[in-house]
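Below are the chains, spelled out letter by letter.
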Amino acid sequence: MTQHFSPLTPPQRVLMGPGPSDVAASVSSALAKPTIGHLDPAFLEIMDQIRGMLREVFQTSNELTFPMSGTGSAGMETCFVNLLEPGDAVLVGVNGVFGTRMAEVARRCGAEVTEVPGQWGRSMEMDALRAAAAGKKFKVLALVHAETSTGVLQDLSGARGLADELGALLLVDCVTSLAGHPLKIDEWGIDAVYSGTQKCLSCPPGLSPISLGTRAQEVMSARTRPVQSWYLDLSLISGYWGDERAYHHTAPINMLYGLHEALRLVLEEGLEARFARHHRHARALVAGLEAMGLEPRVPSEERLAPLTAVAVPEGIDDGAARAHLLNEFDLEIGGGLGPMKGNTWRIGLMGAGSTRRNVMLCLSALRSALRAQGGRVSGDPLAAAEEAYSRA
Ligand SMILES: *Cc1c(COP(=O)(O)O)cnc(C)c1O
């Protein structure tokens, strides 16, 4: 007996978690356009446009700028496997899940990893990293710009100077900051970055834009042994994204259509306007949350705009509250990770999802979830958010 399956009918959700974020309608339509060959001249033209737009969004002139096939973690792995050889020393700031993951990926490359523990919910101090380096030299200094697990924005202003003292390349995770917070690859002297499509670019997950500068390229060309991952070897993949157009693996054509449209939307809005929009809605969200008695996990000067972490109030069940949001409002927010599991909510306002409508929906839905559990909400979150908007 063959089983019969109905066509897919996934629910319509509002995505206000740590990613994926709401996908713009024109990005969804781009994904559905006709698939063509990965060496079709029409596709090569699309690739060139994607590279050009990515350079603008990364604010870099790096030749080696393109999307890897795979999610943000594939971009992370790409950077580490190409830059590191066994025995290389790496210094990693660890103040959340993604710093932890970077350290793990570096160890798997056979590197000597020095993890510098930071406080979850706070930015890393350059002096703490400097002290942990203890005057030694490192191949790579790795930091997370936007720690999505805790809602912290890392101040990168001292990072280039520190990397120079260490003799290190500066590698930065900007999965959640790209197109949501100012990020200037060239001006800030960042040697290697990776991002993802499903956060502030508002594409479905599946691609990881990367960019590596000349210092990183020199390190890669001085390698004494091949990159252990054939799939992520940039010396091979750059043959496809560069002038040779040599087959390496079949590019995910339709995902790249989606990214093309997403980047186009970012540039049409303008980077500065987009950053300001993320900032404005995050501020209104926080005002509303605070009015309800929900406390942000991160001090205001270190807070991310695309992701706000708040403490789950005493006596409120995290899982039941998020289930209420999903079942009654079709609204997804994120729970906590690691030490924040069960006690923190992570609310995303990323890309197309960073809107006044989403702020107001989330605040009223959360109030409903708190009341459903007998929580007392004295302040008026919607009025507080409105007030924040009127000040903007
Ligand atoms: C989401 C995220 C990643 C991992 O990306 P995936 O697409 O889940 O593989 C890495 N770093 C940060 C900061 C992220 O937010």
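Here's what I pulled together on the structure shown here. The shown structure was predicted, so the numbers you read here are calculated from the model rather than taken from an experiment.

## Considerations on the pairing of strand S12 (residues 331–335)
Item 1. In terms of residue burial, S12 counts as a mostly covered element, since four of its five residues are buried.
Item 2. Sheet topology note: the strand S1 (residues 14–16)/S12 ladder contains three bridges and is parallel. When the sheet's bridge partners are listed, Leu15 is paired in S12 with Glu332.
Item 3. Here two bridges tie S12 to strand S13 (residues 344–348), and the two strands are oriented antiparallel to one another. The residue bridging Gly334 from the neighbouring strand is Arg346, located in S13.

## Section: unusual backbone geometry
Item 1. Across the junction of Gly19 and Pro20, the peptide omega takes the value 5°, indicating a cis bond.
Item 2. Here Pro20 shows up in the loop between S1 and helix H1 (25–31).
Item 3. Notably, Ala179 is not glycine yet its phi reads approximately 70°, a positive angle.
Item 4. Within the fold, Ala179 resides in the loop between strand S8 (169–173) and strand S9 (192–194).
Item 5. With relative accessibility at 2%, the residue Ala179 sits in the buried group.
Item 6. If you check the backbone angles, Ser202 has positive phi at about 55° while not being a glycine.
Item 7. Relative to the assigned elements, Ser202 resides in the loop between S9 and strand S10 (207–212).

## A word on the site of the ligand
Item 1. In the vicinity of the ligand, the contacting residues are Thr71, Gly72, Ser73, Phe98, Arg101, Ala146, Thr148, Asp173, Val175, Thr176, Gln198 and Lys199.
Item 2. One of the side-chain nitrogen or oxygen atoms of Thr71 is found 2.6 Å away from an oxygen atom of the ligand.
Item 3. Side-chain polar atom of Lys199 to an oxygen atom of the ligand: 2.7 Å apart, as the coordinates give it.
Item 4. Calculation on the ligand without its partners gives an accessible area of 380 Å², and the protein chains cover 89% of this total.
Item 5. Looking at the shell around the ligand, the elements that each hand over two or more residues are helix H3 (72–83) and helix H4 (97–108).
Item 6. Looking at the shell around the ligand residue by residue, the classes come out as three nonpolar, six polar and three charged.

## Here's the deal with the pattern of salt bridges
Item 1. For the structure on display, the rule yields 23 salt bridges.
Item 2. The shortest N-O distance in the salt bridge between Arg264 and Glu268 comes to 3.2 Å. Of this pair, Arg264 and Glu268 are both found in helix H9 (residues 253–269), four residues apart, which corresponds to roughly one turn of the helix.
Item 3. Using a relative accessible area of 34% as the deciding quantity, one classes Arg264 as partly exposed.
Item 4. Owing to a relative accessible area of 56%, Glu268 belongs among the exposed residues under this scheme.
Item 5. Residue Glu387 pairs with Arg391 through a salt bridge whose shortest N-O separation is 3.3 Å. Of the two residues, Glu387 and Arg391 are both situated in helix H13 (residues 381–391); the distance of four residues between them amounts to about one turn of the helix.

Rules of the game
Residues numbered from 1 in each chain as written. Predicted model: local features only at pLDDT ≥ 70, side-chain atom pairs only at ≥ 80, totals over all residues. Heavy atoms only, no water. Buried < 20%, exposed > 50% of the residue type's maximum accessible area, 1.4 Å probe, protein only. Helix = DSSP H or I, 4+ residues; strand = E, 2+ residues; numbered from the N terminus. Pairing = 2+ DSSP bridges. Near = heavy atom within 4 Å. Polar contact = N/O pair within 3.5 Å; in protein donor to acceptor, adjacent residues only side chain to side chain. Areas by Shrake-Rupley, 256 points an atom, 1.4 Å probe, with all protein chains shown as cover. Nonpolar A, V, L, I, M, F, W, Y, C, P; charged D, E, K, R; others polar. Salt bridge = Lys/Arg side-chain N within 4 Å of Asp/Glu carboxyl O.

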